[in-house]
Amino acid sequence: MAPSTDRATRSAMRWVAWAVMSVVACSALAACSPSAGSVQDQASSPPATSASPDPTTPSVLPSFAAVGDSITDANSPDLPGGDLGTESWTTYVVAAGFEFAGGWAEWGAPTSLMADSVTAYDADVLVLLAGTNDVALGRPFAESAANLDRIVATVGIDAVVVSSIPPMDALPDGAAQYNAQLESLAADRGWRFVDASAGLRTADGRFLEGMSYDGLHPTEQGAQVLGEGIAAVLPGS
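Residues numbered from 1 in each chain as written. Predicted model: local features only at pLDDT ≥ 70, side-chain atom pairs only at ≥ 80, totals over all residues. Heavy atoms only, no water.

Draft legend 1. Structural context of the pattern of salt bridges. Under the counting rule described, the total for this entry stands at six salt bridges. For arginine 139, the salt bridge is made with glutamate 143, and the minimal N-O distance between the two is 3.5 Å. Two residues, aspartate 204 and arginine 206, come together in a salt bridge whose shortest N-O distance is 3.3 Å. Given the relative accessible area of 46%, aspartate 204 is considered partly exposed. (Salt bridge = Lys/Arg side-chain N within 4 Å of Asp/Glu carboxyl O. Buried < 20%, exposed > 50% of the residue type's maximum accessible area, 1.4 Å probe, protein only.)

Here it is as C-alpha cells:
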C-alpha cells in the first residue's frame, strides 16, 4: 500500500462558533416616529434583553481525534499538527464544523503499528478508520480486533466512532468481510459504527468511478464522501 513517488514525497512532509449578527432597524416612515408621550413611556420602561441561548445547542461542535493509515493521512503535510490534505477525510469533517484535535496516521500502517504508536489525545470523540492493511497482509480479524482494543484503551476517549474501510478493488470480498466483522465488534464494544464507505462502492464491492485513483485510496471526491459520512454521526451533528 505504498504511495506513488509524488505522494511519498508529500507524505514525508506530514508530521482548523459562529458569529450571530442582529441588526434592528426602524422604518424611516413618519408613522414610525413615536409621540412625546410614547418616548416618556419608553424611557420609563426597562431595557429589553436578548433571548437566552438554547442550552441544548452547543456553541462549538465537538472535537475529534483520528487514527488510521494512508486513507486518513493521504496527502496531509502534517496531520498530527493539523495540516490536513485535500485527500484526507479529516478535512471534510473539519469543514462540517468539527474541531480536529490531533491523531496518528501513517501510510502502510496495519492496526498493530497503530496500537504501538498512538498516545492519549484530548478530544470529545475518537474516529478510527483502520484495517485496510490488515486485509492486504492477510491478518486474522481476531488480531485486528485486539489491536483496535489497544488503540481505544491507549487513546483514552470514551466516545468512539469506527468507520468501515473503503473498497479494495483487488480484494473486494476481503474488505466486505472485514467490515462485517468490524460492525459486529463495534456493537459488542459499545462503539458507534458507520459505513461511511457506502458511497464509494459499487454493488460488487469495488470503487465507484471517480472515487479512487488506484483502486485503494480515495480521490479528493472520495475523501469528501468519507468525511461527510463520518461527520453525520458525530455527536452534535
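Draft legend 2. Quick peek at unusual backbone geometry. Positive phi, close to 50 degrees, is recorded for alanine 74, a residue that is not glycine. For alanine 74, the position within the fold is in the loop between helix H3 (70–73) and helix H4 (89–95). (Helix = DSSP H or I, 4+ residues; strand = E, 2+ residues; numbered from the N terminus.)

Draft legend 3. Molecular detail of the pairing of strand S2 (residues 99–105). Buried residues dominate S2, accounting for five of its seven residues. Note that strand S1 (residues 63–68) and S2 share five bridges and pair parallel. The residue bridging phenylalanine 64 from the neighbouring strand is phenylalanine 100, located in S2. (Pairing = 2+ DSSP bridges.)

Draft legend 4. Here's a closer look at the nonpolar core. Judged by nonpolar contacts, the single largest core of 58 residues is most densely connected at Phe64 and Trp89. It is helix H7 (residues 141–155) that provides the largest number of residues to this core, a total of six residues. Sequence-distant contacts of tryptophan 89, defined by excluding residues within four places in its chain, comprise Phe64, Ala66, Ile71, Thr72, Val127, Leu129, Ala223, Leu226, Gly227 and Ile230. (Core = buried A, V, L, I, M, F, W, Y, C linked by side-chain atoms within 4.5 Å. Contact = heavy atoms within 4.5 Å.)

Draft legend 5. Main features of the environment of proline 235. In this structure, proline 235 sits in the segment after helix H9 (220–231). Separated by 171 residues in sequence, proline 235 and phenylalanine 64 have C-alpha atoms that sit 9.8 Å apart. Among all residues touching proline 235, those that are not within four sequence positions of it are Pro62, Phe98 and Val125.

Draft legend 6. Broad picture of helix H8 (residues 172–189). Spanning 18 residues, H8 covers 26 Å between terminal C-alpha atoms, matching the ideal 26 Å at 1.5 Å per step. Taken together, the buried positions of H8 are occupied by Pro172, Ala175, Tyr178, Asn179, Leu182, Leu185 and Ala186. Axial view of H8: buried residues confined to an arc of 145 degrees, hence all on one face. In H8, the exposed residues that point more than 90 degrees away from the buried face are Asp173, Gln177, Ala187 and Asp188. Taken together, the buried residues of H8 touch helix H5 (111–117), helix H6 (132–137), H7, strand S4 (160–163) and strand S5 (192–194). (Expected span 1.5 Å × (residues − 1). Arc of directions from axis to C-beta.)

Draft legend 7. Quick peek at the packing of aromatic side chains. Applying the stated criterion across every chain, the model contains three aromatic pairs. Their ring planes at 65 degrees and their centres at 5.4 Å tell us that phenylalanine 64 and phenylalanine 100 sit as a pair that is edge-to-face. Separated by 36 residues along the polypeptide, phenylalanine 64 in strand S1 and phenylalanine 100 in strand S2 bring together distant segments of the chain. With a relative accessible area of 0%, phenylalanine 64 lands in the buried category. Here phenylalanine 100 falls in the buried class, since its relative accessible area comes to 12%. Seen in terms of ring centroids, phenylalanine 141 and tyrosine 178 are 5.3 Å apart; in terms of plane orientation they differ by 70 degrees. Their pairing is edge-to-face. (Phe/Tyr/Trp six-rings, centres within 6.5 Å; stacked < 30°, edge-to-face > 60°.)

Draft legend 8. Spatial organisation of the sheet that holds strand S3 (residues 125–129). Judged by pairing direction, the sheet is parallel, and its five strands sit side by side in the order S2-S1-S3-S4-S5 without closing on themselves. In this open sheet, the two strands that pair with only one neighbour each are S2 and S5. With direction set aside, neighbouring strand axes in the sheet form an average angle of 20 degrees. Across the sheet, H7 is in contact with S1, S3 and S4; its angle to S3 comes to roughly 155 degrees. Sitting on the sheet, H9 touches S3, S4 and S5, and the angle it makes with S3 is about 140 degrees. (Axes fitted to C-alpha atoms, helices over the stretch in contact; angles between N-to-C directions.)

Draft legend 9. Examining the environment of methionine 114 more closely. Note on placement: methionine 114 falls in helix H5. In this structure methionine 114 comes out as buried when scored by relative accessible area, which is 0%. C-alpha separation for the pair methionine 114 and tryptophan 104, spaced 10 residues apart in sequence, amounts to 7.6 Å. Each residue touching methionine 114, except ones within four places of it in the same chain, is listed here: Val67, Gly68, Asp69, Trp104, Ala109, Ala130 and Ile151.

Draft legend 10. Molecular detail of the pairing of S3. The buried count for S3 comes to five of five residues, which makes it a mostly enclosed element. Residues Val125, Val127 and Leu129 line one face of S3 and the alternating positions Leu126 and Leu128 line the opposite face, and both faces are buried. Across five bridges, the pairing between S1 and S3 is parallel. Bridging across to S3, alanine 66 finds its partner in valine 127. Both S3 and S4 contribute to a ladder of three bridges, which runs parallel. Along S4, the bridge assignment pairs valine 127 with valine 161.

Scope: geometric values only; no functional claims are made or implied.
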